[in-house]
Amino acid sequence: MNAVSAARRREVTDALRRGAVPAAGLDLFAVGLDRFTGAVDEDLATVAAGGSVFKAIRGEYGSGKTFFTRWLAERAKHSNLATAEVQISENETPLHKLETVYRRLVERLTTSAFPPSALRPVVDGWFYALEEDVLAAGDVAADDADALDKAVNVLLDQRLAVVSRNAPAFAAALRGYRAATMNGDAATADAVLAWLGGQPHVAAAARRVAGVRGDLDHIGALGFVQGLLAVLRDSGHPGLLLVLDEVETLQRVRSDARDKALNALRQLIDDVHSGRFPGLYLVITGTPAFYDGPQGVQRLAPLAQRLATDFTTDPRFDNPRAAQIRLTGFTDESLVQLGGRVRDLYATGAVAPERIAAHVDDEYLAQLARAVAGGLGGKVGVAPRLFLKKLVGDVLDRVDQFPDFDPRRHYQLTLAGAELTEVERNATSADHIDLDI
């Protein structure tokens, strides 16, 4: 823990204090994920080598699906992959409208160096790489701008030849973006890049410059994903981790939209397995009810067959290489272990680490964990978010700042309805609960 930078530690503790999953640094306190590490690293190596992988994450609410996918994203970035996390929802991002999914993907595209949306730096890096490749060939002089521009466009067409068979507009938009940029027309360049990212209602004048028409549609979206993967690969990112989160929301949409969405998911999985998307690591998350219930995967037999996984055995022997992997959630023991890691991380940057060690020992962590879980109807699996929020914001901060604060004597756990998520609220029967620990 001593090697952790102050900025990284602060980012983690600030997020936990707010009751959020940190955007980075999850490896510092991840508990129970060691059994997945080998299979995940194999998948990342496959993707980095030009293969493609699909994985379905299965877990109840509170089992750590978001934590797992963000932990996976951190590992992906360490392999220099780009990442994007897209929340599936009926109104904002319906799965059966792949053009919307692609748009959200681009909006949330991130790399180890650039936050969302990283599309512009990725595209600019790609064109820089094309120019370097042209100059390295030795056929064009660096000071011959016209010849360099023509050679870059030729190389662009060569690199995107496979993509252009199904989505010629992708290459056309890239040429239009480069032309507008070279001419100093920033407004047109921005508009063309927005169209390339799937944004609707781009000005007709900008689309004319790029030689494209209309808005991106459902069919074209898959071709644009292929194009994005090609651009990422040539700009130094060997692949993309795409997480489609909360896919279980499909169970609540109209039956016709649900059937279209399930079929779109089947198509995506088949395309991944067929090799259409080299460098794509596609991950979906959902509850057991989504995978096993009549309103989810089981509604479409071909999809159910592709995701079928045996979970009748002891969870200790689950196969992490299977199409579906199961997150079993926290136990009393693992919750205390989690608290210990967060406490130790906090203490490395604390004003009074010795007080933290004395007052927030493992015995106290166990008491706090039991109290939080008890306030949530005994559902330990739902407790981690609130447990860490209370631990950091109500206990560790006070022990660190106030020499005479003893959490055993001066702290009474309170769970107020306003701070609970819907799942947490459903786990308890009261809006306001005072618990002595």
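Look a little higher up for the structure.
What you see as residue numbers is a count from 1 along each chain, following the sequence as written. Per-residue local features are limited, in this predicted model, to residues with pLDDT of at least 70; the limit for side-chain atom pairs, both in listing and counting, is 80 or more; totals at the level of whole chains, interfaces and linings are taken over all residues. The basis for the side-chain values is all heavy atoms of the structure; hydrogens and waters are excluded.

Student: What exactly am I supposed to notice about the overall build of the protein here?
Tutor: Looking only at helices and strands, the protein features 20 helices and seven strands. Our radius of gyration is a C-alpha quantity, and the globule rule it is checked against amounts to 2.2 Å times the number of residues to the power 0.38. Rg of the C-alpha trace for the protein: 25 Å, near the compact-globule value of 22 Å for 437 residues, within the 12% margin. Judged by the C-alpha coordinates and their principal axes, the protein covers about 75 × 50 × 40 Å. Only protein chains enter the calculation, and the probe is 1.4 Å; a residue is then buried if its accessible area is under 20% of its type maximum, exposed if over 50%, and partly exposed in between. Out of the 437 residues in the protein, the part that is buried amounts to 52%. The contact definition used throughout considers only heavy atoms, calling two residues in contact when any of these lie within 4.5 Å. For the protein, restricting intrachain contacts to residue pairs at least 6 apart in sequence, the fraction spanning at least 24 positions comes to 71%. Helical segments are the DSSP runs of H or I of at least four residues, strand segments are the runs of E of at least two, and each set is numbered from the N terminus.

Student: For this particular structure, what's the right way to read the packing of helix α5 (residues 119–137) against helix α11 (residues 218–234)?
Tutor: Any two packed helices are characterised by how steeply their axes cross, that is the angle between the axes, and by the distance between the axes. In the contact formed by α5 and α11, the axes pass within 8 Å of each other and the chain directions differ by 60 degrees. Taken together, α5 and α11 sit at an angle that is classed as oblique. The handedness of the crossing between α5 and α11 comes out as left-handed. Contacts between α5 and α11 involve L119, V122, V123, W126 and A129 on the former and, on the latter, L228, A230, V231, L232 and D234. For this scheme, ten residues count as nonpolar: Ala, Val, Leu, Ile, Met, Phe, Trp, Tyr, Cys and Pro. Four count as charged, namely Asp, Glu, Lys and Arg, and the remainder, Gly too, count as polar. Classifying every residue of the contact of α5 with α11 gives nine nonpolar, no polar and one charged. Note on method: axes are straight lines fitted to C-alpha atoms, helices fitted across the in-contact stretch only, with angles between N-to-C directions ranging 0 to 180 degrees. In what follows, roughly perpendicular refers to angles from 65 to 115 degrees, roughly parallel to angles under 35, roughly antiparallel to angles over 145, and oblique to any angle outside these ranges. By the definition used in this description, the sense in which the near helix is turned from the far one sets the handedness, with an anticlockwise turn below a right angle giving left-handed and a clockwise turn giving right-handed.

Student: Would you mind showing me how to read the pattern of salt bridges here?
Tutor: A pair can form between side chains of opposite charge whenever their charged atoms are brought close. A pairing counts as a salt bridge when a side-chain nitrogen of Lys or Arg comes within 4 Å of a carboxyl oxygen of Asp or Glu. Considering all chains together, one arrives at 32 salt bridges under this definition. The closest approach of N and O atoms between D292 and R58, which form a salt bridge, is 2.4 Å. Note that D292 is positioned in helix α13 (residues 288–292) and R58 in strand β1 (residues 53–58), a separation of 234 residues in sequence. In this structure D292 comes out as partly exposed when scored by relative accessible area, which is 46%.

Student: Would you mind showing me how to read helix α15 (residues 332–347) here?
Tutor: An α-helix turns once per 3.6 residues; consequently, residues spaced three or four apart project the same way. Taking 1.5 Å per residue, 16 residues should reach 22 Å; α15 reaches 22 Å between its end C-alpha atoms and fits that length. Where α15 is concerned, the buried positions are S334, L335, V336, L338, G339, G340, V342, R343, L345, Y346 and A347. Considering only its buried residues, α15 is in contact with α1 (6–18), α16 (353–359), α17 (362–375) and α18 (384–401). Here a helix's expected span is defined as the number of its residues, less one, multiplied by 1.5 Å.

Student: Just to check I follow, could you spell out the pairing of strand β2 (residues 82–87) for this structure?
Tutor: Two faces belong to every sheet, and in a regular strand the side chains alternate between them. With five of six residues buried, β2 is to be regarded as a mostly interior element. In short, DSSP must find at least two bridges between two strands for them to pair. In this sheet, strand β3 (residues 240–245) lies alongside β2 in parallel orientation, the contact comprising six bridges. If you follow V86 over to β3, its bridge partner there is L244.

Student: Just to check I follow, could you spell out the sheet that holds strand β5 (residues 324–326) for this structure?
Tutor: Strand pairing in a sheet takes place through backbone hydrogen bonds and is either antiparallel or parallel in direction. An order of β2-β3-β4-β1-β5 is seen for the five strands of this open sheet, with the pairing classed as parallel. Edge positions in the sheet fall to β2 and β5, since each has one partner strand and no second. Within this sheet the neighbouring strands show an average axis-to-axis angle of 20 degrees, counted without direction. As defined by bridge partners, β1 adjoins strand β4 (residues 280–286) across six bridges and the pair is classed as parallel.

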